[in-house]
Amino acid sequence: MMPRLLALALLAGLPVASAVDRPAANLPRSSPEAQGISSSALLAFVNAAEAKIDALHSFMVVRHGHVVAEGWWSPYQKDDPHMLFSLSKSFTSTGLGLAAAEGRLTIDDPVLPYFPDDAPADPSANLKAMRVRDLLAMSTGHHADDLQKFSFAGNERLTKAFLALPVAHKPGTHFLYNTPATYMLSAILQKATGTDLMDYLRPRLFEPLGIRNPSWEKSRDGITLGGYGLKVTTEDIARFGQLYLRKGRWRGKPLVPATWVAAATARQTSNGSSPTSDWDQGYGYQFWRCRHGAYRGDGAFGQFCIVMPEQDTVVAITSGTRDLQGVLDLVWERLLGPMKAAPLAPDGAGCARLGRKLAGLTLAPQAGRPSSALAVSVSGRTYVFPANDEKIETARVEFNGDAATIILTVGGHEGRVPCGAGSWRRGGTLPGADGIDQPVAASGAWTADDTYTARLYLNETPFRVTATLKFADDRLVLDREYNVALGDAPTRRPPLVGQPRGGY
């Protein structure tokens, strides 16, 4: 949901910067028209996103340094950190640029000497030729089939596993998107500086930008993952984009060298020729080139930091969608196209319509009936599942009128998920098979006399789980389907059949 004061300001047609007293670290707010884009165009973008994309979680549009529109679809909220997936790579690139500026490393350094204990006994000429620059530009020389042999879940030290891969092509001559390469960048920075990437960036990037509580996963070897695993808020993404739009300056002071910004966002590697694809416009140093002279940081399922220098604009987006090109197409069609160089006439009515829309953004809760006659007989009963890959051990549902709470035990950890009826309930936790609990917001309803269906958003991630619990023949059949999944992993999980344990 939009902050209430911001929504009221838009409803009144006021410049938002004058209506809301915000901390100094936050970006200033403005009415859209004052920055050369109409409220009606922004409203059309939101409406088109809801009609065509399943589903945006948040967006923020920054024009001429001012936030002109922002919104979070409930149950997502403005202060929620969101998993960035590969958008993390652009932050890692920034760390390498800062380390190079400090003289800790150069991008022409060969990779192999950083890891003498992990080098193969007889390294190939191509491996010896691989440089930091090649890691940055995704031109390491690996063949796709060989890269698939690398696993972040493997038992070997990850730097050693990477260096053991065959390097079929001369580095610098062959583009292949390569998340392990970004991990190597993080490992190299740690070797060069003696400081973990996250700790290195904290005083140099996160704190100056006002990114207050970033979190970043590490490998079992104690190295920040680099290529994924970073969580920050939507406005944090926008701040990062604004830093790059201003060529490395933040609030008038240099933070990242302008030369690094220019190199990182330029075409360093050619990766295609289609004029209609934003994945064929070239790749920089962990940044993608886009159509329309733009560039972006980009993460799985629609995590975007889009920088449009010609329009002096940044667009930050989080989502949980498979249609990444569709999201970018909406930005070009609904936002870039209507932008004007000069301010527009004030439009109080248009601001009011936009404000009402942004104040009421929500993802659809689970549809169905609030109650069933079966609820009384199954409420509180524990069902035990046979051993399974997801380590789901038991489940029970406590029904109390229209309200329901799902209690799951996963890998020995219990999580409670309260479900709203026709609305979202936040504050639940879903235990993971890895022992890490995930915050979850949920909505549930009876979709048949014997079936309760819950829609769960892991609201710091792109993931939505639809859990169907069918109580039949004194059993519980639990089905789970995710909105998205990495690679060719299935979104629907095999059903689990639980048997009652001890009654009520």
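Asker: Outline helix α14 (residues 348–359), listing residues and values.
Answerer: Residues that lie three or four places apart on an α-helix share one face, since the helix turns once every 3.6 residues. The end-to-end C-alpha distance of α14 is 16 Å, a good match for the 16 Å that twelve residues give at a rise of 1.5 Å each. If you check which residues of α14 are buried, you get G350, C351, A352, L354, G355 and L358.

Asker: Which residues make up helix α4 (residues 88–101), and what values go with them?
Answerer: For α4, spanning 14 residues, the distance from its first C-alpha to its last is 20 Å, which sits close to the expected 20 Å at 1.5 Å a residue. If you check which residues of α4 are buried, you get S88, K89, S90, F91, T92, S93, T94, G95, L96, G97, L98 and A99.

Asker: I'd like a description of the nonpolar core, backed by residues and values.
Answerer: When a protein is soluble and globular, its nonpolar side chains tend to lie buried together. Counting 70 residues, the largest nonpolar core has F91, L135, F162, F206 and W260 as its most contacted members. In contact with F162, other than residues within four places in its own chain, are M130, L135, T140, H142, F150, N178, P180, A181 and M184. C290, V327, L330 and W424 belong to the second-largest nonpolar core, a separate cluster that totals 39 residues.

Asker: Summarise the pattern of salt bridges; cite the residues concerned and give the values.
Answerer: Within this structure, the stated rule accounts for 29 salt bridges. Between R202 and D199 there is a salt bridge whose closest N-O contact spans 3.7 Å. Here the residue R202 and the residue D199 both occupy positions in helix α10 (residues 197–209), the gap between them amounting to three residues, near one helical turn. The exposure class of R202 is partly exposed, given its relative accessible area of 29%. The shortest N-O distance in the salt bridge between D312 and R246 comes to 2.7 Å. Of this pair, D312 sits in the loop between β10 (303–308) and β11 (313–319) while R246 sits in the loop between α11 (234–245) and β6 (249–250), placing them 66 residues apart in sequence. One connected set of salt bridges, linked through shared partners, spans R29, E70, E235, D236 and R239.

Here is what the cut-offs are and how they apply
- Residues numbered from 1 in each chain as written.
- Predicted model: local features only at pLDDT ≥ 70, side-chain atom pairs only at ≥ 80, totals over all residues.
- Heavy atoms only, no water.
- Helix = DSSP H or I, 4+ residues; strand = E, 2+ residues; numbered from the N terminus.
- Expected span 1.5 Å × (residues − 1).
- Buried < 20%, exposed > 50% of the residue type's maximum accessible area, 1.4 Å probe, protein only.
- Core = buried A, V, L, I, M, F, W, Y, C linked by side-chain atoms within 4.5 Å.
- Contact = heavy atoms within 4.5 Å.
- Salt bridge = Lys/Arg side-chain N within 4 Å of Asp/Glu carboxyl O.

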